[in-house]
Amino acid sequence: MIFVLLSVLCSVAVAVLLKYAKLQQISTKQMIVWNYPVAAILTYFVLQPRLADIHVEQMPWQLYIPLAILLPTLFIFIALTIQYTGLVKAEIAQRLSLFIPLMASFILFSEVISWNKGIGILVGLAAIVCSIGWQKGNLKQRNKVGSIAYPLLVFVGMGVIDILFKQIALHQSVPYITAMFMVFLIAMFVAFLFMIYFLAVEKQAFSVKSLVLGIVLGFFNFGNILFYMKAHRAIPENPSIVFTGMNIGVISVGAVVGVLLFKERLSVINKIGLALAIISVLIITYL
């Protein structure tokens, strides 16, 4: 379980970095850009994808390209969710996105919905509704649209990303590590296009602090992926333990960090949403 714990800590550290950067008036957008070359380099040296397996004509580009565009785009929306609504709400929106692939399997792929998954989805949706109703004392009236829209975009977008990753895993002609490396490379290219836009159109000044924090962000982001994979390999006979530990761990630790470190205020609805999020993961996994 040490790998699950390390993965949880890395995931929460990503959110903490984004929250800290915003409080310090450091560009989170530029941080996210620099995260991707770090992730690509670490994937190459640590996971060692077999580049000989890369055959352009066999690559499922219809999956790689939209995924590579969504990754940096959703990362920016996650940063905006943290800015507008807090770390706790952002973590719940990400973790409950697991229901999007479940619903897609029933709606798009005609799978038969089991009663436990149906209940789990309903509880999870109730948790999302409760989280959307959260109110922060310092939230300005003009930011209320963002406090609803950004978590919903993260919820749906992360679910779509999960579906695309699962579809990529089904392509046996390309090893998964190699596919992940290719996606990170394309995402890095997309992120650099974003950087050009930030500097040329938005007139942001180039930030050395964003570069440094972006590199740190890339290490934590990659660590989250690496330790999650290692956790599955360490206990392959019980993937549900990894799945549950990861999702509940991130929601719980994120809530503690949000409240204690950043003084985020939780109403009764906040706490109900938090409890429902954990219950929904348990229902989906064990019932």
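On a predicted model such as this, the values are computed, not experimentally measured, just so you know.

J.: Any chance you could explain the pattern of salt bridges here in plain terms?
T.: Should their charged atoms come close, side chains of opposite charge can pair. Tallied over the entire structure, the rule returns two salt bridges. Glu 202 is the salt-bridge partner of Lys 29, the closest N and O atoms lying 3.1 Å from each other. With a gap of 173 residues between them, Lys 29 in helix 2 (residues 28-47) and Glu 202 in the loop between helix 8 (176-200) and helix 9 (208-234) connect regions that are remote in the sequence. A relative accessible area of 25% means that Lys 29 is categorised as partly exposed. Note that Asp 162 is salt-bridged to Lys 166, the shortest N-O span being 2.8 Å. Here the residue Asp 162 and the residue Lys 166 both occupy positions in helix 7 (residues 144-169), the gap between them amounting to four residues, near one helical turn.

J.: I keep staring at the environment of Val 256 and nothing clicks. Help me out?
T.: Mapped onto the fold, Val 256 is located in helix 10 (residues 239-260). Given a relative accessible area of 47%, Val 256 falls into the partly exposed group. Distance in space between the C-alpha atoms of Val 256 and Leu 87 is 9.9 Å, their sequence separation being 169 residues.

J.: I would appreciate a short explanation of the packing of helix 3 (residues 61-85) against helix 4 (residues 87-95) in the present structure.
T.: Packed helix pairs are characterised by how far apart their axes lie and by the angle those axes make with each other. Contact geometry for helix 3 and helix 4: axes closest at 7 Å, N-to-C directions at 140 degrees. Our classification of the angle between helix 3 and helix 4 gives oblique. Along its contact with helix 3, which presents Ile 78, Thr 81, Ile 82 and Thr 85, the element helix 4 presents Leu 87, Lys 89, Ala 90 and Gln 94. Split into classes, the residues belonging to the contact of helix 3 with helix 4 amount to four nonpolar, three polar and one charged.

J.: Which parts of the structure should I look at to understand the environment of Leu 23?
T.: Following the sequence through the fold, Leu 23 ends up in helix 1 (residues 2-23). Note: C-alpha distance between Leu 23 and Gln 83 (60 residues apart in sequence) is 8.7 Å.

J.: Explanation requested: a nonpolar patch on the surface in the structure shown.
T.: Nonpolar side chains collect at one region of the surface, where Leu 199, Phe 206, Val 208, Val 212, Val 216 and Phe 220 lie side by side and expose about 470 Å² of accessible area between them. A per-element tally of the nonpolar patch places helix 9 first, with four residues. Structurally, Val 212 can be placed in helix 9.

J.: Could you clarify how one ought to interpret the environment of Leu 18 in this entry?
T.: If you trace the backbone, Leu 18 turns up in helix 1. Residue classification places Leu 18 among the buried residues on the basis of a relative accessible area of 2%. In this structure, the C-alpha to C-alpha distance between Leu 18 and Leu 217, residues 199 residues apart in sequence, is 8.4 Å. Setting aside residues no more than four positions away along its own chain, Leu 18 makes contact with Thr 28, Met 31, Ile 32, Phe 75, Ile 78, Ala 79, Ile 82 and Leu 217.

J.: Hey, could you run me through the side chain of Asn 221 in this one?
T.: Relative to the helices and strands, Asn 221 is located in helix 9. In this structure Asn 221 comes out as buried when scored by relative accessible area, which is 14%. Side-chain polar atoms of Asn 221 contact the side chain of Asn 35, separated by 3.2 Å. Every residue in contact with Asn 221, bar those within four places of it in the chain, is listed here: Val 14, Asn 35 and Phe 75.

J.: Please clarify how the layout of surface pockets should be interpreted in this entry.
T.: The method is simple in principle: a probe with the dimensions of a water molecule rolls over the atoms, and the space it marks as empty is what remains. By volume, the largest pocket is sized at about 1500 Å³. In this structure, the largest pocket is lined by 42 residues; those nearest its centre are Met 158, Ile 161, Asp 162, Phe 165 and Tyr 228. Mapped onto the lining of the largest pocket, the elements with two or more residues apiece are helix 1, helix 3, helix 4, helix 5 (99-107), helix 7, helix 8, helix 9 and helix 10. Among the elements that take part in the lining of the largest pocket, helix 7 stands out by supplying eight residues, more than any other. Each residue belonging to the lining of the largest pocket can be placed in one class, and the counts come to 27 nonpolar, eight polar and seven charged.

J.: Would you take a moment to explain the nonpolar core for this structure?
T.: Most often, soluble globular proteins keep nonpolar side chains buried together rather than apart. Counting residues in each nonpolar core, the largest one holds 66 residues, and the members touching the most others are Leu 18 and Tyr 64. Among the secondary structure elements, those contributing two or more residues to this core are helix 1, helix 2, helix 3, helix 4, helix 7, helix 8, helix 9 and helix 10. Looking at which element gives the most residues to this core, the answer is helix 3, with 13 residues. Within the second largest apolar cluster, 18 residues are counted, among which are Leu 96, Ala 127, Ile 251 and Val 281.

What counts as what
- Residues numbered from 1 in each chain as written.
- Predicted model: local features only at pLDDT ≥ 70, side-chain atom pairs only at ≥ 80, totals over all residues.
- Heavy atoms only, no water.
- Salt bridge = Lys/Arg side-chain N within 4 Å of Asp/Glu carboxyl O.
- Helix = DSSP H or I, 4+ residues; strand = E, 2+ residues; numbered from the N terminus.
- Buried < 20%, exposed > 50% of the residue type's maximum accessible area, 1.4 Å probe, protein only.
- Axes fitted to C-alpha atoms, helices over the stretch in contact; angles between N-to-C directions.
- Parallel < 35°, antiparallel > 145°, perpendicular 65-115°, else oblique.
- Contact = heavy atoms within 4.5 Å.
- Nonpolar A, V, L, I, M, F, W, Y, C, P; charged D, E, K, R; others polar.
- Patch = residues over 30% accessible without salt bridge, like charges linked within 9 Å, V, L, I, M, F, W, Y side chains within 5 Å.
- Areas by Shrake-Rupley, 256 points an atom, 1.4 Å probe, with all protein chains shown as cover.
- Polar contact = N/O pair within 3.5 Å; in protein donor to acceptor, adjacent residues only side chain to side chain.
- 1 Å grid on protein atoms, 1.4 Å probe; cavity = no way out; pocket = protein on both sides within 12 Å on 5 of 7 lines; lining within 4 Å.
- Points joined across faces, edges and corners; volume = space filled by probe spheres on them.
- Core = buried A, V, L, I, M, F, W, Y, C linked by side-chain atoms within 4.5 Å.

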